[in-house]
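# Architecture and fold: a report
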Amino acid sequence: MNNDGIPLMMVQPILDRFLDLRGIVDDLVAAGHMSRVDANVLLGASRTREQAIMHPLSYIATQAIEDQQRPGKTLDAETLTAWLAEMARMPQFHIDPMKIDVAKCTEVVSYAFAKRHGILCVQVNQDHVVIACLQPFMGGWEPQVEHVARRQIKKVVANPADIERYMVEFYTLARSISGASGAAAASAITNFEQLVELGKASDPDANDQHIVKIVDWLLQYAYDQRASDIHIEPRREFGRIRFRIDGVLHYVYELPANVATAVTSRLKVLARLDIAEKRKPQDGRIKTRRNDGSEVELRMSTLPTAFGEKLVMRIFDPEVLLRSFADLGLVGDDYQRWHGMLTRPNGILLVTGPTGSGKTTTLYSSLRQLATSEVNVSTIEDPIEMVEESFNQTQVHHKIGLDFAAGIRSLMRQDPDIIMVGEIRDLETAQMAVQAALTGHLVLSTVHTNDAPSTIARLLDLGVPSYLINATLLGVMAQRLVRTLCPHCKEEGTIHAQDWQELVSPWKVNVPAKVYHPVGCLECRNTGYLGRQGIYEILVLSDNLKERVTPSCNLQDMRRQAMKEGMRTLRLSGAQKIAAGLTTMEEVMRVAPPPEKAN
């Protein structure tokens with residue numbers, strides 16, 4: 001067995017058998033997976049042209065037929081693929097495009113050859129190549145591939161739908177990169193080193209069809225992988241692409257340097273940026289459409305680095321606006337406290353946390369629920385991160401003097417009911433927000449502090465008088481995002497009582513009866529985590545707390561009083577999610593600061 005867990009010697013019991021629907025159905029009946037009644041119905045049903053050309057396993061997987069060996073469950077693609085691998089006595093292989101060297105794999109055989117024989121190279125090792133097969137019992141192509149690759153062949157069984165999909169994607173990408181590179185062999189270094197190679201062609205054009213296809217693949221691939229950010233990072237000889245998934249960066253691909261530069265230029269064109277300007281940072285946005293018709297917005301930022309322009313795109317999925325607070329992780333008493341403040345007619349509500357902690361998503365989701373036909377919801381943002389038709393959104397423009405304070409001043413003359421300010425970062429903005437709250441408006445905004453009580457000190461530091469804070473501030477919600485355990489592979493584990501008490505201190509909370517640990521599987525890329533949820537710390541400014549808001553307020557005293565009145569710290573909120581089997585103690589400890597140090 002090699003390092004990838006694929007046996008080097010496999011015995012194939014059947015050769016040169018072509019898998020068709022009738023043969024597979026008969027085999028499934030013989031193996032006890034399908035009843036003869038279901039088999040007759042399946043074989044007797046008429047198929048559309050699209051279904052007729054599908055691989056038999058893929059077609060069966062779409063019919064939701066009950067698996068006789070697993071009552072209540074259907075014969076899905078994963079089950080059928082595992083069954084075929086066992087029958088063929090070959091390893092089952094899960095095609096993860098982020099772990100496949102597309103350039104090497106597509107060089108083994110041509111696309112025409114791969115398409116004709118239904119094969120896809122998924123791994124190139126020093127002494128062998130791994131080939132995923134649509135027809136595992138057909139081997140007439142093997143001598144040719146062994147001769148060309150000069151390596152031994154190891155056949156594996158993969159989901160036929162994955163083979164057919166990635167066969168097209170991989171070869172299209174490889175062809176586009178090869179075409180773009182061939183059109184321009186020059187090193188595209190636009191930096192302080194400025195290496196010039198005489199006699200070489202110019203760089204590929206940003207509108208070259210090869211570049212257009214690479215960009216389309218990159219964006220669609222990012223959507224499929226649930227990426228929140230796309231990083232294109234220039235290096236001396238190549239451009240590196242990475243995706244941020246569930247808060248962690250993953251390596252995706254390396255493009256030739258000149259192709260990476262052209263891809264960056266193409267994205268700048270789409271975002272209406274100045275492609276000739278490479279010396280200063282630029283910001284822009286792109287709106288795209290997925291294959292399913294849904295729209296996705298990307299906020300783009302460029303930055304000059306030693307080897308060229310670094311480009312980062314933040315992906316904003318409009319679907320987050322439709323998510324409920326339960327989907328965001330805001331449930332129970334925390335939800336009741338936040339919802340109670342949202343329904344107040346006037347005052348200031350603040351959301352705090354570091355960059356990437358989900359503040360914008362929380363605010364947009366809150367505004368989306370408040371934005372009925374009976375109220376006027378207006379925002380002033382820098383930048384507008386997601387366009388929502390039910391809001392009146394205004395973009396900050398510092399060059400013309402339209403900052404947050406000026407934007408609030410103008411919004412006050414627009415008969416608003418609810419105002420959202422992107423961030424309170426200076427005294428003038430804070431004063432205008434206070435003025436809006438005093439005149440009968442509900443104001444939502446963000447600040448950058450570590451926890452909820454620290455926000456009071458932040459407002460005082462900015463210069464907001466304590467009596468105005470008492471008169472206008474309704475409450476503060478601090479939040480973080482924790483990765484949630486993959487439901488497909490998490491396992492029950494143990495937790496030490498001492499570690500648990502350190503997490504929930506100063507409360508005395510019993511260790512939960514069940515806790516779960518990450519394991520790792522194909523669904524979660526062997527990380528053990530799949531998706532993220534918020535943990536929250538909500539401070540409601542009660543009369544007792546208002547008495548403590550003074551120019552020289554004691555933050556620790558305020559925190560203790562807030563906790564007496566029901567405020568749960570970020571760590572305690574995380575502990576509740578641990579007890580619910582959603583995350584781990586290590587994840588909560590990683591993102592949530594201890595209360596006594598959160599100043």
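Predicted model only: the values in this text are computed from it and were never measured. (Residues numbered from 1 in each chain as written. Predicted model: local features only at pLDDT ≥ 70, side-chain atom pairs only at ≥ 80, totals over all residues. Heavy atoms only, no water.)

### So, helix α8 (residues 142-149)
We apply this condition: A 1.4 Å probe rolled over the protein chains alone gives each residue an accessible area, and that area as a share of the maximum for its type sets the label: buried under 20%, exposed over 50%, partly exposed in between. Helical segments are the DSSP runs of H or I of at least four residues, strand segments are the runs of E of at least two, and each set is numbered from the N terminus. The arc in question is the one traced by the directions running from the helix axis out to the C-beta atoms. Whether two residues touch is decided by their heavy atoms; if any such pair falls within 4.5 Å, the residues are in contact.
Those residues of α8 not exposed but buried are Glu142, Val145 and Ala149. Each buried residue of α8 sits inside an arc of 65° when the element is viewed along its axis, so together they form one side. Those residues of α8 that are exposed and aimed more than 90 degrees away from the buried face are Pro143, His147 and Val148. Buried residues belonging to α8 abut α6 (102-108), α7 (111-117), β1 (119-124), β2 (128-133) and β3 (152-157).

### Thoughts on the environment of Ala114
Relative to the assigned elements, Ala114 resides in helix α7. Residue class for Ala114 comes out buried when judged on its relative accessible area of 0%. Measuring from C-alpha to C-alpha, the distance between Ala114 and Ala180 comes to 23 Å, with 66 residues separating the pair along the chain. When residues no more than four places from it in sequence are discounted, the contact partners of Ala114 are Val109, Ile119, Met167 and Tyr171.

### Section: the pairing of strand β4 (residues 229-234)
The following threshold applies: Two strands make a pair as long as DSSP finds a minimum of two bridges between them.
For β4, the buried fraction is high: 6 of the 6 residues fall into the buried class. Burial along β4 is two-sided: Asp229, His231 and Glu233 and Ile230, Ile232 and Pro234, pointing in opposite directions, are all buried. Pairing geometry for β4 and strand β5 (residues 238-245), over 6 bridges, is antiparallel. Paired with Pro234 across the two strands is Gly239, which belongs to β5. In textbook terms, the turn of a hairpin is the stretch between consecutive antiparallel strands, and for β4 and β5 this stretch comprises 3 residues.

### Observations concerning empty space enclosed by the protein
The test is simple: Every definition here rests on a 1 Å grid over the protein atoms only: cavities are sets of points where a 1.4 Å probe fits but cannot get out, pockets are open sets enclosed by protein on both sides within 12 Å along at least five of seven lines, and lining residues have some atom within 4 Å of a point. Grid points are joined across faces, edges and corners, and a volume is the space filled by probe spheres set on the points. We call Asp, Glu, Lys and Arg charged. Ala, Val, Leu, Ile, Met, Phe, Trp, Tyr, Cys and Pro are nonpolar, and the rest, Gly among them, are polar.
Tallying each qualifying case throughout the model produces 3 cavities of 30 Å³ or more. Within this model, the second largest cavity holds a volume of roughly 70 Å³. Lining the second largest cavity, in full, are Ile348, Leu350, Ile424, Ala430, Val434, Leu459, Val464, Ile469, Thr472 and Leu473. Here the residues of the lining of the second largest cavity are counted per class, giving 9 nonpolar, 1 polar and no charged.

### Thoughts on the sheet that holds strand β10 (residues 347-352)
Spelled out, the test is: Where helices are involved, their axes are fitted lines through C-alpha atoms of the stretch in contact, as for all axes, and angles between N-to-C directions lie from 0 to 180°.
Spatially, 7 strands are ordered β12-β11-β13-β14-β10-β15-β18 in an open sheet, and the strand pairing comes out mixed. Since the sheet does not close on itself, it has two edges, and those belong to β12 (392-395) and β18 (529-540), each with one partner. Going across the sheet, the axis of each strand differs from the next one's by a mean of 20°, ignoring polarity. Here β10 runs beside strand β15 (residues 473-485); their pairing, made up of 5 bridges, is parallel. Note on β15: the bridge partner recorded for Val351 is Met477. Each of β10, β14 (442-447), β15 and β18 touches helix α17 (residues 452-462); the most contacted strand, β15, lies at about 135° to it. Here helix α22 (residues 570-579) sits on the sheet in contact with β15 and β18, set at roughly 135° to β18.

### Brief notes about the domain arrangement of the protein chain
What counts here: A domain assignment, automatic or from a database, supplies the domain bounds used here.
Once the domains are mapped, the protein chain shows domain 1 (21-88), domain 2 (102-158), domain 3 (206-316) and domain 4 (321-482 + 534-569). Each of domain 2 and domain 3 has a C-alpha centre, and these two points are 31 Å apart.

### Considerations on the state of the cysteines
Heads up, the rule is: The disulfide criterion used throughout: a pair of cysteine sulfur atoms within 2.5 Å.
Considering all chains together, one arrives at 0 disulfides under this definition. Here Cys489 is not cross-linked by a disulfide; its sulfur's nearest cysteine counterpart is in Cys521, at 3.7 Å. A residue is classified by how much of its surface remains accessible, and Cys489, at 10% relative accessible area, is buried.

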